[in-house]
Each structure stands twice: as structure tokens, then as C-alpha cells.
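Secondary and tertiary structure notes
Residues per chain are reported as follows:
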Amino acid sequence: MPKRIKIYFPDGDKEMEIFDDQLENYLAKGFKKDKKEDTGLNGVVKIGSNTVGEVTSFTLNQTQDTVEDTALTDSNKSYKVLRGDATATVECHFDETDTAQEAANLGTSATLELYPEGADSGDKYFTGTAIVTGGDVGVTMDGIITRTLSFQFSGGVSEATV
């Protein structure tokens, strides 16, 4: 019959219990303390070296073009990989004093960095050279003024770790 094992994490704040027959599987996945919840509350956007203030959301869209190379005698379709593409949208509260927002003029190119989990050590982020392709401002009588910035990556997107 399996026995319960209590594991204490080095920071002393967390502990967990597992059965001894699960220990090997747990250790095989690597010893990791529970990381912060991925809710988006810690997301960060940088344009060049400037952090965009008042960000409410952002989206990274990556696609990969393909071309069909099926022969007449093939029973199933087959494809070849071509070029990749990526775009991004950043939504924020309008702030004319925000250096990053004000520098995002249509047609300008800069390094865009998107940090879904935040910019703490060990966090993953996406980066690449992007062209500002759109800038919308939204006003309603009962809401906060919004700004939406659209970007087209040139040369692809890289994944990195802080």
C-alpha cells in the first residue's frame, strides 16, 4: 500500500503531499516549486527600452504558411512548410504622457517584447522587430479612453527567458 510523503519546498512557504509511488514521476518532471498563477495580471509590454503603461491586454498571433504537394496518386494530402508570420495587438488606457505609447507612430519600427507572465527572472517572453501598422483610440461617454496598437513582426519572433 502506498505511503504519503510530505515535501517541503526550500523557501519554507510551500509544502505538498504525494504518495511514494508517485515520487519518481514527480522528480522526473524536475523539482519546481509552484509558480505564480498565469492570470495575465503580471503581463508586460516593451517597445524598444520603454515599458508601455496602462496595458489591459495583448495578443501575439503566429502563423506558418504551407503549400500542398500532393501527387495525383497519393491517397492523402501532404504539405510543405513555407514562411512564418507574426502580428501583435496591444490594448491599453490612453496616456499621452507614456513615452512608449507616444513613440508608437504608424510606420515606425522597434523591438517589441511581450512578457505574458511578467519580467521576473525565469519568465518567458517573446521578442522581435515589429512595425507599427495601426493605432486606434476609443472614447465612450462612460468609460476610460483606450488605445489599441497593432504590430507586424519583420523577421520572425524569438522566445527568450528573462
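Structure: above.
Residues numbered from 1 in each chain as written. Predicted model: local features only at pLDDT ≥ 70, side-chain atom pairs only at ≥ 80, totals over all residues. Heavy atoms only, no water.

Moving on, we get to the overall build of the protein chain. Helix and strand counts for the protein chain come out as two helices and 10 strands. Ordering the α and β elements of the protein chain from the N terminus gives β-β-α-β-β-β-β-α-β-β-β-β. Counting every position in the protein chain, which comprises 162 residues, the buried fraction comes to 22%. Considering only contacts within the protein chain whose residues lie at least 6 apart along the sequence, 54% involve residues at least 24 apart. Of the roughly 11,100 Å² that the protein chain leaves accessible, carbon and sulfur atoms contribute 49%. (Helix = DSSP H or I, 4+ residues; strand = E, 2+ residues; numbered from the N terminus. Buried < 20%, exposed > 50% of the residue type's maximum accessible area, 1.4 Å probe, protein only. Contact = heavy atoms within 4.5 Å. Areas by Shrake-Rupley, 256 points an atom, 1.4 Å probe, with all protein chains shown as cover.)

The next point concerns a nonpolar patch on the surface. On the surface, a cluster of nonpolar side chains totalling about 260 Å² of accessible area is made up of Val137, Val139 and Ile145. Relative to the helices and strands, valine 137 resides in strand E8 (residues 124-138). (Patch = residues over 30% accessible without salt bridge, like charges linked within 9 Å, V, L, I, M, F, W, Y side chains within 5 Å. Salt bridge = Lys/Arg side-chain N within 4 Å of Asp/Glu carboxyl O.)

Attention now moves to unusual backbone geometry. The backbone phi angle of glutamate 54 is positive, close to 60°, even though this residue is not glycine. Assessed through its relative accessible area of 45%, glutamate 54 is described here as partly exposed.

A word on the nonpolar core. Ranked by size, the top nonpolar core spans 16 residues in total, and within it Ile47, Leu112 and Phe151 carry the most contacts. When contributions to this core are tallied by element, the ones reaching two or more residues are strand E3 (44-47), strand E6 (79-93), strand E7 (109-115), E8 and strand E9 (146-153). (Core = buried A, V, L, I, M, F, W, Y, C linked by side-chain atoms within 4.5 Å.)

This structure, assessed with the given rule, holds three salt bridges. Between aspartate 69 and lysine 80 there is a salt bridge, with the nearest N and O atoms lying 3.6 Å from each other. Here the residue aspartate 69 occupies a position in the loop between strand E5 (55-68) and E6, and lysine 80 occupies one in strand E6, the gap between them amounting to 11 residues. When its relative accessible area of 48% is taken as the criterion, lysine 80 is described as partly exposed. Note that arginine 147 is salt-bridged to glutamate 102, the shortest N-O span being 3.1 Å. Taken as a pair, arginine 147 in strand E9 and glutamate 102 in helix H2 (residues 99-103) lie far apart in primary sequence, 45 residues in all. Given a relative accessible area of 10%, arginine 147 falls into the buried group.

Following the sequence through the fold, threonine 140 ends up in the loop between E8 and E9. Among the polar contacts listed, one links the side chain of threonine 140 to the backbone nitrogen of glycine 143, at a separation of 3.1 Å. (Polar contact = N/O pair within 3.5 Å; in protein donor to acceptor, adjacent residues only side chain to side chain.)

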